[in-house]
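What the coordinates show
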Amino acid sequence: MQQTAVKPSSKPKKNSRFSKRKVDKAYYWMTIPAMILVVVFLYWPFIQGAAYSFTNSQGYGDFKWIGFKNYIAMFSDSRVGYAYLFTILIAIIITIGTNLLALLLSVVLNGKIAFKNGFRAIFFIPFTLAMLVIGYVFKYIFMVPLPALGQALHIDWLSTSMLTNPQLAWFPIAFLSIWQGVAYTTLIYLSGLQTIDAELYEAAAIDGVNTWQRFWKITLPLIGPFVTINMVLSLKNSLGIFDQIVALTNGGPDSKTETVSYLIFTNGLGNGEYSYQMANAVVFFIVLAVFAFVQLNFFGSREKV
């Protein structure tokens, strides 16, 4: 009986120019359109903005090239300097507060407690709410009920709204940011905790390891990659804090709560400082990149898997 040769249904995949692996063309059809979108809507606007930072443009009309004058003026601007200082300090407070509280909650929620799934849902609700909406709710709380409580208890610093106090206005911003940020951070930590084999804890219990030693020697090292992710994301979000400022203080009192993002937006679009704030945005981008690089190297070197 004569047998007919079976032809292959498709041509063999060709090797990539940059690798010995065989690559299906479908991967290029999926990645190239995405790359084009990222370039058009992210990198090209950034390049345009960086170019405007070397001009005297107000965002409209004619402009001319002025070189590094915007950058020189920015580094001698005390208002910009204070905005960077406030942004970095408030970001550190929010990042540390968010991760400590989220780590504590995740360990508790990962334990054997009643209504565990219900508590997880309750703690995740703040993340689903719009920041401006809950910001205005918290503004009312810090403006009316809390001062009334302070007056009733005869607490001087609480008798007036913290939002109008230059020394305390940062606290409502940090409190609101931590309250909302804990939800997503806790979810990531829970995902990390569930990757740990329960047999490790059982073996540790047999060896007489106490709760603190179990957390410090077993749990924390094994969720190191999740700590890195949360610290980088938390600091990045905190450095770009904007909605909280708009909802609570609008940069006040006396410009004491102006962050870099808020300054770039308000002065760049509303006060004729378009090119000046573009220079500020470029510097801020570099600062964010440096912080992310330092964080990834610092926490990455301490990960134990």
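These numbers come from a predicted model, not from an experiment. Along each chain, the written sequence defines residue order, and numbers are assigned to residues from 1. Residues qualify for local features only when their pLDDT is at least 70, as the model is predicted, and side-chain atom pairs are given and counted only at 80 or more; totals for whole chains, interfaces and linings, by contrast, use all residues. Based on all heavy atoms of the structure, the side-chain values leave hydrogens and waters out of the count.

Each helix and strand in the chain was counted, giving 14 helices and 0 strands. Put simply, the chain runs from its N terminus to its C terminus through helices and strands in the order α-α-α-α-α-α-α-α-α-α-α-α-α-α. Radius of gyration here uses only the C-alpha atoms, and the compact-globule reference equals 2.2 Å multiplied by the residue count raised to the power 0.38. A globule of 305 residues ought to have a C-alpha radius of gyration of about 19 Å, yet the chain, at 26 Å, is considerably larger. Taken over the C-alpha atoms alone, the chain extends approximately 100 × 70 × 35 Å along its principal axes. Buried residues are those whose accessible area, probed at 1.4 Å on protein chains only, stays under 20% of the maximum for their type, while exposed residues exceed 50% and partly exposed ones sit between those limits. Burial analysis of the chain (305 residues in total) assigns 34% to the buried set. Segments assigned H or I by DSSP are reported as helices when at least four residues long, segments assigned E as strands when at least two residues long, and all are numbered from the N terminus.

Note the cis peptide between Gly252 and Pro253, where omega equals -10°. Structurally, Pro253 is set in the loop between α12 (243–248) and α13 (260–270). Phi angles above zero are rare outside glycine, and His154 is one such case at about 60°. Considering the arrangement of structural elements, one finds His154 in the loop between α6 (145–153) and α7 (156–159).

Whenever a carboxyl oxygen of Asp or Glu lies within 4 Å of a side-chain nitrogen of Lys or Arg, that contact is scored as a salt bridge. Applying the stated criterion to the full structure yields 1 salt bridge. Residue Arg79 pairs with Glu258 through a salt bridge whose shortest N-O separation is 2.5 Å. Taken together, the residues Arg79 in helix α3 (residues 78–109) and Glu258 in the loop between α12 and α13 connect sequence positions 179 residues apart. Of the residues examined, Glu258 reaches a relative accessible area of 5% and is grouped as buried.

Right, let's get into the nonpolar core. Membership of the largest hydrophobic core comes to 33 residues, with the highest contact counts inside it found for Ile94, Ile173, Leu176, Tyr189, Ile223, Val227 and Leu248. Those elements that place two or more of their residues in this core are α3, α5 (131–143), α8 (170–193), α9 (198–206), α10 (211–222), α11 (224–239) and α12. In terms of residue count, α8 provides more of this core than any other element does, 7 residues in total. Any two residues having at least one pair of non-hydrogen atoms within 4.5 Å are treated as being in contact. When residues no more than four places from it in sequence are discounted, the contact partners of Ile173 are Phe86, Ile241, Gln244, Ile245, Leu248, Thr249 and Thr257. Val80, Ala83, Tyr84 and Leu239 belong to the second-largest nonpolar core, a separate cluster that totals 17 residues. What is meant by a nonpolar core is a set of buried Ala, Val, Leu, Ile, Met, Phe, Trp, Tyr and Cys residues, joined one to another through side-chain atoms within 4.5 Å.

With that out of the way, let us pick up α13. Inspection of α13 places Val260, Ser261, Tyr262, Leu263, Ile264, Asn267 and Gly268 among the buried residues, and these make up the whole buried set. Trailing α13 by a residue or two, Gly272 shows a phi angle of about 70°, which is positive.

Counting through the fold element by element, Ala279 comes out in helix α14 (residues 274–300). Placed 206 residues apart in sequence, Ala279 and Ala73 show a C-alpha to C-alpha distance of 9.8 Å. Non-local contacts of Ala279, meaning those with residues more than four positions away in its chain, are made with Ser53, Asn70, Tyr71 and Met74.

With that settled, consider helix α1 (residues 25–52). A helix is expected to span 1.5 Å for every residue after the first. The end-to-end C-alpha distance of α1 is 39 Å, a good match for the 40 Å that 28 residues give at a rise of 1.5 Å each. The largest bend in α1 amounts to roughly 40° and is located at Val39. For a residue, the bend is simply the angle between two axes, fitted respectively to the seven-residue segment ending there and the seven-residue segment starting there.

A residue's pLDDT is the predictor's confidence in that residue, given on a scale from 0 to 100. For the chain, the mean per-residue pLDDT works out to 86, and 92% of the residues sit at or above 70. The spread of mean pLDDT over the elements of the chain runs between helix α4 (residues 116–128), the lowest at 77, and α3, the highest at 94.

The topology assignment puts Glu199 in helix α9. Considering only alpha carbons, one finds Glu199 and Tyr52, 147 residues apart in sequence, at a separation of 59 Å.

The next thing to look at is the packing of α4 against α8. Each axis is a line fitted through C-alpha atoms, and for a helix only the stretch in contact is used; angles between axes span 0 to 180 degrees, taken between their N-to-C directions. In contact at an axis separation of 6 Å, α4 and α8 are set at 130° when each is read in the N-to-C sense. Overall, the two elements α4 and α8 adopt an arrangement that is oblique. Crossing handedness for the pair α4 and α8: left-handed. Mapping the contact onto sequence places Arg120, Phe123, Phe124, Pro126 and Phe127 in α4 and Trp179, Gln180, Ala183, Tyr184, Leu187 and Leu190 in α8. Tallied by class, the residues present in the contact of α4 with α8 amount to 9 nonpolar, 1 polar and 1 charged. Note that the term roughly parallel is reserved for angles under 35 degrees, roughly antiparallel for angles over 145, roughly perpendicular for angles of 65 to 115, and oblique for everything else. Take the far helix as your reference; a near helix turned counterclockwise from it by less than a right angle gives a left-handed crossing, and one turned clockwise gives a right-handed crossing. Classes in brief: Ala, Val, Leu, Ile, Met, Phe, Trp, Tyr, Cys and Pro nonpolar; Asp, Glu, Lys and Arg charged; the others, Gly included, polar.

Patch membership requires more than 30% relative accessible area and the absence of a salt bridge. Residues of like charge join within 9 Å; the nonpolar side chains Val, Leu, Ile, Met, Phe, Trp and Tyr join within 5 Å. Method for areas: the Shrake-Rupley scheme with a 1.4 Å probe, in which residue coverage is limited to the protein chains shown. Nonpolar side chains collect at one region of the surface, where Tyr28, Ile32, Met35, Ile36, Leu37, Val38, Val39, Val40, Phe41, Leu42 and Tyr43 lie side by side and expose about 1100 Å² of accessible area between them. Its place among the elements puts Phe41 in helix α1.

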